[in-house]
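This is what each chain is made of:
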Amino acid sequence: MQSKSNAVGDRTKVDIAIIGAGISGACIARQLSAYEAEVALIEKEADVSFGVSKANSGIIHGGFHHSPKYLKTQLEIRGNLMYDRLQRELDFPFSRCGILVVALNDEEMKYIGHLYNQGVENGAIGIEMCSRERMFELEPKLESDCVGGLHAPGGGVIEPYRFVFSVVESAVKNGVHLLREFEVVKAERSGEKHIVHAADGRVVEARYVVNAAGLFADKISSIFGAEEFQITPRKGEYYLLDRKTKACPNRVLFPVPTKVSKGMLVIPTVEGTVLIGPTAEEIEDKTDLSTNADKLSQILDQARKMVPSVSQTDVIAAFSGLRPALLPEGDFYIDISEKAPNFIQVAGIQSPGLTAAPAIGEYVKDLLKKAGCRLTEKPDYDPIVKKLPRIRDYSPFEADELLKKDAAYGNLICRCEKISEAEIVAAIHAGHTTLDGVKYFTRAQMGRCQGGFCSYKIIKLIMRETGMEYDQITKNGRESVVLTGRL
Amino acid sequence: MQERTYDVAVIGGGAAGMAAAVEVRRQGLSCAIVERENQLGGILMQCIHNGFGVQEFKQELSGPEFAEEFMDLVADANTDVFLSTTVDSIEESEHGKELFCSPGTRPAGVFTAGLAQRLVNVEGYIPGKNVVIVGSGDIGLIMARRMTWVGAKVHGVVEIQPYPAGLTRNIVQCLNDFKIPLYLSHVVSRIDGQNRVEKVTVSPLVNGIPDEEQSFEIPCDTLLLSVGLVPENELSENAGVDISPITSGAVVDSTMMTSIPGIFSCGNVLHVHDLADYAAEEARRTGAYAVAWIQNKKPNRQVRIKAGANVRYVSPGMINPESPDKMYLRTLIVKNNAQLVMKVNNTIVKEKKLSHVQPSEMVSVKLTPKDVENWTLEPDSILEVSVQ
């Protein structure tokens, strides 16, 4: 990723500007980077994926939760199928571990039948109805009351932020301009162009604009004089369990869904920890990421209904994320604006947005073509992102070769997750210069000490590699400074 | 990757690791210390306050001075030391984690007290200006004083229990002397702040539940967590060593040996000690036991020790009646003029007056050969240790 240049009056001229570097914006940018077009990916935060995309369940859905009438369902099915190839190209942690929906009584089992039929109609591959016996064969840790359920072998888990990082890295490698800390405050038309202004004075000129601004897609739409709609933040709280927990299931476990949400899940993350949650609560404030004590017990109770061995003592972190819901229907809104010229709306991308994202990239590319944007394939497009070695994947005997190339692989910085200095330096060189950026890229600070033992080492590495001063180091940009003085 | 062979490999070069290694070398066996940081001393190197060495060296030293005394002994003993070397698998190790989960946002400005101590004392950075400390563990208390000295304002220490978690001497020297309020039976019920911590909500516990009406807010930019340490036992666990759910350390016999023959455990990885001096003392004995085991000197008989009334745990978990040794215990209660009672087969075998007990103060008891002279041991006899 390119380094920051935040000078007032900086002007970037492109064919297409994508506002929002979350999962949707990232996938659209990468899709477009395969074509002869200048593309800018604009993000208001200090790093990509710092909005909706950083805090969600990280699930690649199985294609049975939603009715075929929705656009999101079609994109979910298509997106799911695209993940294997993406993983080969981009090397991000992904496991097609499968999904189970757990029925605890006969009433719930009836609903399982409905989900199964819906999945078959949607074209979900390999789904099966399960007897009680089959459920316990697939998941021995289940609550003994389980009467049966649904198995979707095509479902899986990824680390959402890590996925966004890889996708953006690939896009930037193929020529996309990434502009961070670029908060769009004003837009105007000049001839055939949109002139997009940032709070700090930078400007992007673009013929086409894609609004992938997540929670703030309504605000961006209004800035461009496009359709009026409202994004409602729906908060989900999660608790993360240490990898030592005895409650780690083999597959993602869903309860039978309610009207408003898919319910609270037990998720074996792709890195071996366990995530439980989320709650679903409609709120007003799009910046409210607080967690609440009463929700913890609620989540624990729900999780224990499926896996009784979930224990509060295994909790190592709490966080919450906001889903950008477009109510009342809750479907994706991806279309060419009828009010603003050359403006594509990508709004309401809540669950299954992560699953659908690669398909959203394709879909938006087609919409741009339909809107008159000429896209010809780039002969030198390179879809591959080089795999970075991770010392935790090597045995001490295998590590010798790696250490000969770079001795920094031998210096363990994060003891909980076993992350070496070389991996952290790679993250910093890739442009992740906040503590959270390093965390989401490498996993350092993500284990049970939550940075208690390694964050000072990471701060020193960021200073060494970038020349930043101690008081410029932040947790996640803006005013989130970590150190306030020096002796 | 090189292969080296030693009689004893000590994992961790803190107080306990160095003390154990020195003892092994003193008895003439070969020994190596494997330390993951780039210097020996472990956490001692950031503990620049006084209070170390009173037992071990009969003088009051700072943490780094105490470590240096041991480093000299390690050097004199000709012990091989591998620095910046992390043990990937097998055997034992050192130190702790702090666990804390509070509702609210997750802004910058939340540190463990240990991290803040490292930042100030070793790295030379000040983590914040207006500080609230959660938990009254010793590191938190020491950091209350340290942060005051570097010009920060410490607004209070919030402790969930009705009594302090740290040593009394630290309450006096680090809080009372600086007029820093200690809120016992209180919790931080909420953290607020968009980018950096802006305030915390402190609530008294009424019948064990945070009372909203009596809650108050403290504006602050920094929260230090000192809510107790848990031994870091990844290595022991991966090696298959039995772990006690009470101490989160290994289960050891009268020779400090774990459930896997040849793996011994001592120091803060076994159970969290009040003082580095105690950890060093325990480690020295452990080094000697490891030597004895290599020389095939094993106890003929071991009696299990049971934590009786008002006792949280006793370490080690067994005693060799032919050569009784020191044991450490923690109580579950706060009490003046308490009585330590040891029973075998329901017969009192030893009693000791304890002028004051509290969970944060470790109690040490040493049995002498005379104490065990008159024990009548059945095959299933257990030594029960209680406090009344």
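Calculation criteria
Residues numbered from 1 in each chain as written. Chains lettered and ligands numbered in written order. Predicted model: local features only at pLDDT ≥ 70, side-chain atom pairs only at ≥ 80, totals over all residues. Heavy atoms only, no water. Helix = DSSP H or I, 4+ residues; strand = E, 2+ residues; numbered from the N terminus. Buried < 20%, exposed > 50% of the residue type's maximum accessible area, 1.4 Å probe, protein only. Polar contact = N/O pair within 3.5 Å; in protein donor to acceptor, adjacent residues only side chain to side chain. Contact = heavy atoms within 4.5 Å. pLDDT = per-residue confidence, 0-100. Arc of directions from axis to C-beta. Axes fitted to C-alpha atoms, helices over the stretch in contact; angles between N-to-C directions. Parallel < 35°, antiparallel > 145°, perpendicular 65-115°, else oblique. Left-handed = near helix turned anticlockwise from the far one by under 90°. Nonpolar A, V, L, I, M, F, W, Y, C, P; charged D, E, K, R; others polar. Buried area = accessible area lost by both parts, 1.4 Å probe. Salt bridge = Lys/Arg side-chain N within 4 Å of Asp/Glu carboxyl O. Pairing = 2+ DSSP bridges.

Turning our eyes to something else, we now look at the side chain of A:Asp47. Residues and elements named next belong to chain A. Inspection of the secondary structure puts Asp 47 in the loop between strand S2 (39-42) and strand S3 (59-60). Taking the relative accessible area as the measure of exposure, Asp 47 reaches 1% and is therefore buried. Within the structure, Asp 47 has its side chain in polar contact with the side chain of His 432 (distance 2.7 Å). In contact with Asp 47, other than residues within four places in its own chain, are Phe 165, Arg 180, His 432 and Gly 437.

What follows covers the confidence of the model for chain A. Predicted confidence across chain A gives a mean pLDDT of 93, with 98% of residues reaching 70 or more. In this model, residues 1-5 of chain A is a region of pLDDT below 50 whose contacts with residues beyond four sequence positions or in other chains number 16 contacts.

A:Lys295, A:Leu296, A:Ile299, A:Leu300, A:Ala303 and A:Met306 are the residues of helix H7 (residues 293-306) of chain A that are buried. Taken around the axis of H7(A), the buried residues stretch over an arc of 135°, which confines them to a single face.

The next subject is the packing of helix H1 (residues 23-32) of chain A against helix H8 (residues 353-370) of chain A. Residue and element names in this part refer to chain A. Their axes nearest at 8 Å, the elements H1 and H8 cross at an angle of 50°. Put simply, H1 runs oblique to H8. Like other packed secondary-structure pairs, H1 and H8 cross with a definite hand, here right-handed. The residues of H8 that touch H1, namely those facing Ile 23, Ser 24, Cys 27, Ile 28, Gln 31 and Leu 32, are Leu 354, Ala 357, Pro 358, Ile 360, Gly 361, Glu 362, Val 364, Lys 365 and Leu 368. A per-class count over the contact of H1 with H8 returns 10 nonpolar, 3 polar and 2 charged.

Each partner contributes to the interface: chain B provides 40 residues, whereas chain A provides 43 residues. Together chain B and chain A conceal approximately 3700 Å² of surface at their shared face, both sides included; 52% is due to carbon and sulfur atoms. The interface formed by chain B and chain A contains 4 salt bridges. Among the ionic pairs, B:Glu37 bridges to A:Arg415, the shortest N-O distance being 3.7 Å. Where chain B meets chain A, there are 11 residue pairs in polar contact (both at pLDDT 80 or more). Every element with two or more residues in the side of chain B that touches chain A is listed here: strand S6 (96-97), strand S7 (110-112), helix H3 (113-123), strand S8 (125-126) and helix H6 (234-239) of chain B. Ranked by the residues each element gives to the side of chain B that touches chain A, the list is headed by H3(B), at 5 residues. Its residues assigned to classes, the side of chain B that touches chain A comprises 15 nonpolar, 11 polar and 14 charged. Of the strand pairs in this sheet, strand S23 (residues 485-486) of chain A and S8(B) are connected by 2 bridges, and their pairing is antiparallel. Residue pairing in the sheet places A:Arg486 in a bridge with B:Tyr125 of S8(B).

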